[in-house]
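Structural description and commentary
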Amino acid sequence: MEICINDISQISEAAREFISQMDGHNVFAFYGKMGAGKTTFIKAICEELGVQDVITSPTFAIVNEYTAGSQPIYHFDFYRIKRLEEVYDMGYEDYFYSGALCLIEWPELIEELLPDDAVRVIIEEREDGGRTISI
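Residues numbered from 1 in each chain as written. Predicted model: local features only at pLDDT ≥ 70, side-chain atom pairs only at ≥ 80, totals over all residues. Heavy atoms only, no water.

On inspection of all chains with the given rule, the structure shows 6 salt bridges. In this structure, arginine 83 engages glutamate 85 in a salt bridge whose closest nitrogen and oxygen atoms are separated by 3.9 Å. For arginine 83, a relative accessible area of 49% puts it in the partly exposed group. For arginine 131, the salt bridge identified is with glutamate 125, shortest N-O distance 3.5 Å. When its relative accessible area of 19% is taken as the criterion, arginine 131 is described as buried. (Salt bridge = Lys/Arg side-chain N within 4 Å of Asp/Glu carboxyl O. Buried < 20%, exposed > 50% of the residue type's maximum accessible area, 1.4 Å probe, protein only.)

Below is the structure:
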C-alpha cells in the first residue's frame, strides 16, 4: 500500500489512512533518509490517535512514551545507538512485546532485534517535495 502526501496540509489525512491500515499490528519500523519526514509523520499519527503530550523525536532519550486514552505509545529513535548492547540494556523486549504501539525511527540500526511481525514503513521524499509512504 502507498500513501502520498503532496503537501504538509495533507499529513493528518495521511495519518488517518495509515491508522486505518494498521490491521492489529503494533510494531512499526519507519525507514527513510534524514529529513524524509519520519518524526513529522509519527507525530501526525500520535495526534490522530489522541495523544495530548508534546510529541518530539526521542533522539537523545531513545524512547518517548505518550498516552492515547489509557494506552501507551512508544516512540523510538535509534539514530544515536552505537552498539546493540545499548538496546538490550534499555529493555527493548519489554516495549516491543508489550502489545503497546511502538513507532521506531532508524530501525535499520537494530534490524536483528525487530519482531518478525514488525511492519516496515518506507518514507521517501519525491522530487516535487512530496512524500510517498510505502507499507
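Below, the discussion takes up the nonpolar core. Formed by 26 residues in total, the largest nonpolar core has its most connected members in Phe18, Phe28, Phe30, Phe41, Cys46, Ile73 and Leu103. Of all elements in the fold, only strand E1 (2-5), helix H1 (11-20), strand E2 (27-31), helix H2 (38-48), strand E3 (63-68), strand E5 (101-105) and strand E6 (119-125) reach the threshold of two or more residues within this core. It is H2 that contributes the most residues to this core, 5 residues altogether. The residues contacting phenylalanine 30, other than those within four sequence positions of it, are Phe18, Lys38, Phe41, Ile42, Ile45, Leu103, Ile104, Glu105, Trp106, Pro107, Val121 and Ile123. (Core = buried A, V, L, I, M, F, W, Y, C linked by side-chain atoms within 4.5 Å. Helix = DSSP H or I, 4+ residues; strand = E, 2+ residues; numbered from the N terminus. Contact = heavy atoms within 4.5 Å.)

Of the volumes computed, that of the largest pocket is approximately 170 Å³. Forming the walls of the largest pocket are 14 residues, and the residues nearest its centre are Ile5, Ile8, Ile11, Ala36 and Arg131. At the level of elements, H2 and strand E7 (131-134) are the ones that each hand at least two residues to the lining of the largest pocket. Along the lines of polarity and charge, the residues of the lining of the largest pocket split into 7 nonpolar, 5 polar and 2 charged. (1 Å grid on protein atoms, 1.4 Å probe; cavity = no way out; pocket = protein on both sides within 12 Å on 5 of 7 lines; lining within 4 Å. Points joined across faces, edges and corners; volume = space filled by probe spheres on them. Nonpolar A, V, L, I, M, F, W, Y, C, P; charged D, E, K, R; others polar.)

Attention shifts here to unusual backbone geometry. Note on backbone geometry: most residues besides glycine have negative phi, and most peptide bonds are trans. With a phi close to 75 degrees, isoleucine 62 is a non-glycine residue in the positive phi region. Along the polypeptide, isoleucine 62 turns up in the loop between H2 and E3. Judged by relative accessible area, isoleucine 62 falls into the buried class, the value being 19%. One non-glycine residue with positive phi stands out, namely tryptophan 106, at about 60 degrees. Note on tryptophan 106: relative accessible area 13%, which makes it buried.

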